[in-house]
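# Overview (structure and organization)
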Amino acid sequence: MIRSFESSNKRITLTAEAEDGRPLPNIFEADAMTLIVGQNGSGKTTLLGELATHIASGDSSYVRSDHRLDAYHVVAFNPSKVGAIQHPRSSRITSLIGDVTTQIQFTDTALMDLLAKVFDVELAPQLRITAKARGPGMSGISLIRAALSDLEFSELSELSESQEIHELHRQLVDVLSELREVRDGAPGSQRWNNLALLEETARSLDDALNKRLRAYVRGRFGSAADLHLRALAAACADARYEDVMHDVLPYFGLSRRPTMTDGLEDLLMRKVWTLRHLSHALASPRLNKRAYSLSPDQLKELQHMSLDGIAAIEFKGLSTGMSVLLGQVSLIHGAVCAVPGQESTNLLLLIDEGDTHLHFEWQRRYVHFINEYVKHIRPRFNSIQVVLSTHSAILMSDFPRWNIRRLATTKHPDGKRSHGVDHSPASTFGASLESIVRVTGGAGTIGSFASEFIRNLLGKVRDGEPIPAELVDLVDDPMLRHYLATRTALHREPADADRHF
């Protein structure tokens, strides 16, 4: 475990220890779990970044640890790109940025069951085909043509429609070859004296091939044509070997004569395998739907499969909060599963304000989930340590005071500010939220606008001014309301009774 580290010339202790150095009870599944709290600008995100930097540097002079620093792997999550600290580049640092558009990638059924149980939600997983063309403004058709052109294909099939496509493609290849020779100044290229005319011919053939290929594929697949074009583009883009076309194009009614023997690139083989596996798992030979509802058995079949950018697991009917939460868990779990040498690795999980976007009730369940998640991944690692940051009083109520580190900002007479650790007494575990906000959070327990409004009412009471009864009744704190009502009754004139109350 990381016992403590140095931040801005201050020593920050992460483990629960008494003043005499003896360890205090650990009530969490993690070997150590710490909550960093403090006002905006107090340095919480910077603190987590410095901890990651120390781990990446391997310099143990700043860190007190049970293990060598190269035995740790850091997974650091921040919910937003805005203000997120840049963690150092290191093979032992995985920096994650999440937002509401995050693609949900995990297929761990046990983890989904855990999410559904802890947050009391019903998750309906589906698989959506997401294969897209590369680059802005490039269609799937363009990619297919580029891939076929790179392969210098000589025939498609014996069908008359394919013969027309083949002839257009042959002409285009000839013209493009001639155009390349003209631009390079090759001998014998003078027969094309008008470069503009040559370029216009190439564009015309290109457009004709585009339209004919589009019509051919749409004629075969109808409304599902776009889906198949994207899948084919994903499988064939940048292809260099005949075998890829031999395996993939027949699936789309096209054919190739294998003439090259170099073998398949790993990337392309993976995409072809992914398409075939998805087709089998979904019992859909042509993948003719954009989205598939997944049964538990199908989800388990896809669990250990890399979807390779062709498809993604998502959930129907999610609120924004649940989408954000699932995206966060997906990112974190994907990074955790990718940590190399897990059984001998010490995992340090840093989550910066992961409760952002969550309703109070889900904030109340958040620490419970993190604790259960640690139990879920516990067998994979030598040790697991978690450091969270938050503004939420609800999260603070789940942490013993010795597991909380409070950062404070002090404003000096010259206007400058300094940051440090607040060691004053705290009230957290199982305490009322009002007590936590006031004592631990160092903030008022009533909104600033309401506080100012009530102070103005009290000022009018002291001055003997009449106050409409509705404004007194507006205050929902019973003690404040009683005080205002009593003091107003003492000051009001009898003739005003009916008008004011």
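Procedures and definitions
- Residues numbered from 1 in each chain as written.
- Predicted model: local features only at pLDDT ≥ 70, side-chain atom pairs only at ≥ 80, totals over all residues.
- Heavy atoms only, no water.
- 1 Å grid on protein atoms, 1.4 Å probe; cavity = no way out; pocket = protein on both sides within 12 Å on 5 of 7 lines; lining within 4 Å.
- Points joined across faces, edges and corners; volume = space filled by probe spheres on them.
- Helix = DSSP H or I, 4+ residues; strand = E, 2+ residues; numbered from the N terminus.
- Core = buried A, V, L, I, M, F, W, Y, C linked by side-chain atoms within 4.5 Å.
- Buried < 20%, exposed > 50% of the residue type's maximum accessible area, 1.4 Å probe, protein only.
- Pairing = 2+ DSSP bridges.
- Axes fitted to C-alpha atoms, helices over the stretch in contact; angles between N-to-C directions.
- pLDDT = per-residue confidence, 0-100.
- Contact = heavy atoms within 4.5 Å.

## Points about the layout of surface pockets
- Here the largest pocket is characterised by a volume of approximately 600 Å³.
- Of all the secondary-structure elements, those providing two or more residues to the lining of the largest pocket are β2 (10–13), β12 (404–411) and β13 (417–422).

## Examining the nonpolar core
- Counting 61 residues, the largest nonpolar core has L127, F369 and V386 as its most contacted members.
- Ranked by residue count, the leading element in this core is helix α11 (residues 360–377), at 8 residues.
- Listed in part, the 20 residues of the second largest apolar core include A52, I55, Y72 and A76.

## Thoughts on the sheet that holds strand β7 (residues 125–129)
- Pairing is antiparallel across the open sheet formed by 3 strands, whose spatial order is β8-β7-β9. Among the strands making up the open sheet, the edge pair consists of β8 (291–293) and β9 (311–315). Across this sheet, the average inter-strand angle for adjacent strands is 30°, counted without regard to direction.
- Bridge count between β7 and β9: 5 bridges; the pairing is antiparallel. In the strand pairing of β9, P125 is matched with F315.

## Here's the deal with the environment of V339
- Looking at the secondary structure, you find V339 in the loop between α10 (320–337) and β10 (346–352).
- Assessed through its relative accessible area of 4%, V339 is described here as buried.
- Along the sequence, V339 and R380 sit 41 residues apart, while their C-alpha atoms lie 9.8 Å from each other.

## Concerning the confidence of the model for the protein
- The share of residues in the protein with pLDDT of 70 or more is 73%, and the mean pLDDT across the chain is 76.
- For the protein, per-element mean pLDDT is lowest for helix α17 (residues 497–500), which scores 38, and highest for strand β11 (residues 383–390), which scores 96.
- Low pLDDT (under 50) marks residues 147–159, which in the prediction has 37 contacts with non-local residues, meaning those over four places away or in another chain.
- In this model, residues 251–265 is a region of pLDDT below 50 whose contacts with residues beyond four sequence positions or in other chains number 49 contacts.

## Some thoughts on helix α2 (residues 109–119)
- If you check which residues of α2 are buried, you get T109, L111, M112, L114, L115, V118 and F119.
- Buried residues along α2 sit in contact with α9 (296–302), β9, α10 and α11.
- Note on α2: the residue one or two positions beyond its end, D120, has a positive phi of about 55°.

## A closer look at unusual backbone geometry
- Backbone geometry places D120, a non-glycine residue, at a positive phi of 55°.
- Looking at where D120 falls in the secondary structure, it is placed in the loop between α2 and β7.
- We classify D120 as exposed; its relative accessible area is 61%.
- The phi dihedral of H357 falls on the positive side, at around 80°, and the residue is not glycine.
- As for its position among the elements, H357 is in the loop between β10 and α11.
- Assessed through its relative accessible area of 48%, H357 is described here as partly exposed.

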